[in-house]
Amino acid sequence: MESAIQLSEIERLAAAEAPDLADAIISLLDAGDPSPDHVPEGALQFWQVLNMVRQARHQFRDEAERKVKIQESWNRFLKQSDPPLPPRFGLAELIVRLYEEGTDSSRATVIELAKKAPLKYGLWAGLKRVYKLAEARLDAETWGVLAWRFDTAYVNASGAEVGKGTLLYLRRRVWRFLRNLGQGSPTLYPQFAVQALRHYGDYSPSIAATWIPNHVFFHQTHRYDANGFQLYGVDQNDLLKNRAFDDTWKRAAAPLMYLLETAQADLPAKFAVQALRKDFPEELRKVSPAWLARLAHRPLASAHEFLVETLQASPEYHQGKLKAAGLHDAVLQLLTSPSDKARIYAIEYARGHAQDLASSKLLELADCGHDDTVEFAVKAIQGRPAKTIGHEQLGKALAIDSLNEWAAKALNEGFDRNEVPEPFRVEMIFGSDEQRTWIVEWFKAKFQPGEVPVGFWKKILEDKRSEDEYDAGELASEMLGQVAAAQIGAGWMLDHLDHGYWGDTIGEWLAEAESLPDLDVERVKGLVFHRSHRSLALQILGNQ
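This report concerns the structure included in the present document. This one's a predicted model, so the numbers in the text were calculated from it and none came from an experiment. (Residues numbered from 1 in each chain as written. Predicted model: local features only at pLDDT ≥ 70, side-chain atom pairs only at ≥ 80, totals over all residues. Heavy atoms only, no water.)

### Some details on the overall build of the protein chain
Step number 1: If you tally the helices and strands in the protein chain, you get 32 helices and zero strands.
Step number 2: What you see for the protein chain is a C-alpha radius of gyration of 33 Å, clearly larger than the 24 Å of a compact globule of 544 residues, by over 25%.
Step number 3: Seen through its C-alpha atoms, the protein chain measures out along the principal axes to roughly 100 × 80 × 45 Å.
Step number 4: A burial count over the protein chain gives 48% of its 544 residues as buried.
Step number 5: Within the protein chain, residue pairs in contact and separated by at least 24 positions form 65% of the contacts whose partners lie at least 6 positions apart.
Step number 6: Accessible area of the protein chain: about 27,400 Å², with a carbon and sulfur share of 48%.
Step number 7: Side chains of the protein chain give 63 positive and 77 negative charges; the mean places of these two sets differ by 9 Å. (Helix = DSSP H or I, 4+ residues; strand = E, 2+ residues; numbered from the N terminus. Rg over C-alpha atoms; globule rule 2.2 N^0.38 Å. Buried < 20%, exposed > 50% of the residue type's maximum accessible area, 1.4 Å probe, protein only. Contact = heavy atoms within 4.5 Å. Areas by Shrake-Rupley, 256 points an atom, 1.4 Å probe, with all protein chains shown as cover. Lys, Arg positive; Asp, Glu negative; His and termini not counted. Charge placed at Lys NZ, Arg CZ, Asp CG, Glu CD.)

Structure (structure tokens):
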């Protein structure tokens, strides 16, 4: 078996600085290892080495003895040339070479792999070497992403190729390096801590289960052992009281502002807010509107509340001045904030200064899941004339619970029959249950029985979606089943006998037809030689 992508192709992509190099490497790792054509007697295959390593982890309690046994297994495997090593073992040198090249493209590849590549042997050796180089070169960006990955990988290490003991050692090493910076290089400590903290998310794993953030926030509690923290009874809302190396954070606001702008989890953002307010109140009075605007695009309650409080505290940011300051769109972004306080502020602003919000945007807000914003959006859009909104947007509103009944009424009363175009009717039939229910009722109200053209229902069955959207196809089939087969047309029915879902039903219409003036008898005779249609063809030919 060969991998979907070869190592030689990876090398060519690297030489070309291809933007998708990281994805290609991940594909190589995910594809699995090729099976060798021949394995000499006594040679090891990779899966055997993995088993030997796992057995050593369980059999030897003495750490030194365990390391010796594992190293012996690896040495024996890595020295053999037949069978050759799996292609992924060539990735280690490649990863280190990319890092040492130091171009924007190569650094981006290494960082992307550190973030999301599976920690499998081959790549793993390269990432470990890159980490050591980042330590030595004081490369905070690369160090930070690998520090975060080692820490979180330890929590999620069950079943991984890389042993939990290795990851435990590495996350301890990460903190030891950070602690040494705090003791000997107080200017660098916040910069490195921030580069790690900004990568943690709220989930998978929970930030509370990790090592580095707890040390940064709660080191002075001394409520930890070699494996984790025990913070029961500690005030975890005050993230400054027990932070490690307190004085180092008071030197400059820039690392904290960067953390607030880039954090993926609410806890690091909250830490940045508390530290900025306590240690840098003067700097906060000078922040630029552009920086404040960027905070609105972080999906974090702490960042949003900080933004709102900053706006409310300054006369320069009165709501009437926000558009001129370039903060109009930023505040509207808060309409879907996870923070109640931020949403209330944004709703108040939108009512007074954003009455021209697009109907499409109001529909998004009406379906956002926050009751206060939904209420605002529903009232705003319901105050607009139906034709100002347009039939397409009203059709989308049919699928929104808070607007369904109103949208149906607006469509029924706001548009004449000829103002609702056929393509829109088709989309409603293939839409949600609410949209399909409305169009069926609309046809009944706007058309006499049998007045909807047969061609419209044929068009529904011709649409490939009718093979998957059963309710839409069933509706069209039901409507066509109510008209004479002659109106549908024998030629069309013969053309669609192989329809993915409704072919049998169309065949029944042909078989039961009382009159088919356009029937091509010779074509039907040809179907006699078609195994799946022979019975139908004979039935039609026998119908006088």
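### Describing the pattern of salt bridges
For side chains of opposite charge, pairing can occur when their charged atoms come near one another.
Step number 1: Summed over all chains, the structure comprises 34 salt bridges.
Step number 2: Note that E11 and R97 form a salt bridge whose closest N and O atoms lie 2.7 Å from each other. Here E11 is found in helix α1 (residues 7-15), whereas its partner R97 is found in helix α5 (residues 91-101), with 86 residues between them in sequence.
Step number 3: By relative accessible area, which is 35% here, R97 ends up partly exposed. (Salt bridge = Lys/Arg side-chain N within 4 Å of Asp/Glu carboxyl O.)

### Comments concerning the packing of aromatic side chains
Step number 1: Throughout the structure, instances matching the rule amount to 29 aromatic pairs.
Step number 2: Ring geometry for W249 and F271: centres 5.0 Å apart, planes at 80 degrees, overall edge-to-face. On the criterion of sequence distance, the pair formed by W249 in the loop between α11 (212-218) and α12 (254-262) and F271 in helix α13 (residues 266-279) is long-range, its members being 22 residues apart. Each member of the pair, W249 as well as F271, is classed as buried.
Step number 3: Clustering of aromatic rings is evident, with ring pairs tying together F424, W438, W442, F443, F447, F456 and W457.
Step number 4: A cation sits over an aromatic face here: R417 above F447, 4.0 Å from the ring centre. (Phe/Tyr/Trp six-rings, centres within 6.5 Å; stacked < 30°, edge-to-face > 60°. Lys NZ or Arg CZ within 6 Å of the ring centre and 35° of its normal.)

### Some remarks on helix α4 (residues 63-79)
Step number 1: With 17 residues, α4 should cover 24 Å at 1.5 Å per step; its first-to-last C-alpha distance of 24 Å lies within 8% of that length.
Step number 2: Here α4 has its buried residues at I70, S73, W74 and F77. End-on, the buried residues of α4 take up no more than an arc of 95 degrees, which puts them together on one face. Pointing more than 90 degrees away from the buried face of α4 are the exposed residues A64 and K79.
Step number 3: Buried residues belonging to α4 abut α3 (46-59). (Expected span 1.5 Å × (residues − 1). Arc of directions from axis to C-beta.)

### So, the packing of helix α6 (residues 104-116) against helix α8 (residues 140-155)
Step number 1: Running from amino to carboxyl end, α6 crosses α8 at an angle of 15 degrees, the nearest separation of the two axes being 8 Å. One way to sum up the angle between α6 and α8 is to call them roughly parallel. Handedness of the α6/α8 crossing: left-handed. Taken together, the residues of α8 that come into contact with α6 (itself represented by R107, I111, L113, A114, K115 and K116) are E141, T142, V145, L146, W148 and R149.
Step number 2: Of the residues in the contact of α6 with α8, the class split is six nonpolar, one polar and five charged. (Axes fitted to C-alpha atoms, helices over the stretch in contact; angles between N-to-C directions. Parallel < 35°, antiparallel > 145°, perpendicular 65-115°, else oblique. Left-handed = near helix turned anticlockwise from the far one by under 90°. Nonpolar A, V, L, I, M, F, W, Y, C, P; charged D, E, K, R; others polar.)

### Observations regarding the environment of L461
Step number 1: Structurally, the position occupied by L461 is in helix α26 (residues 454-462).
Step number 2: The exposure class of L461 is buried, given its relative accessible area of 2%.
Step number 3: Separated by 41 residues in the primary sequence, L461 and W502 have C-alpha atoms spaced 7.9 Å apart.

Without other data, these values stay purely geometric and don't point to any function.
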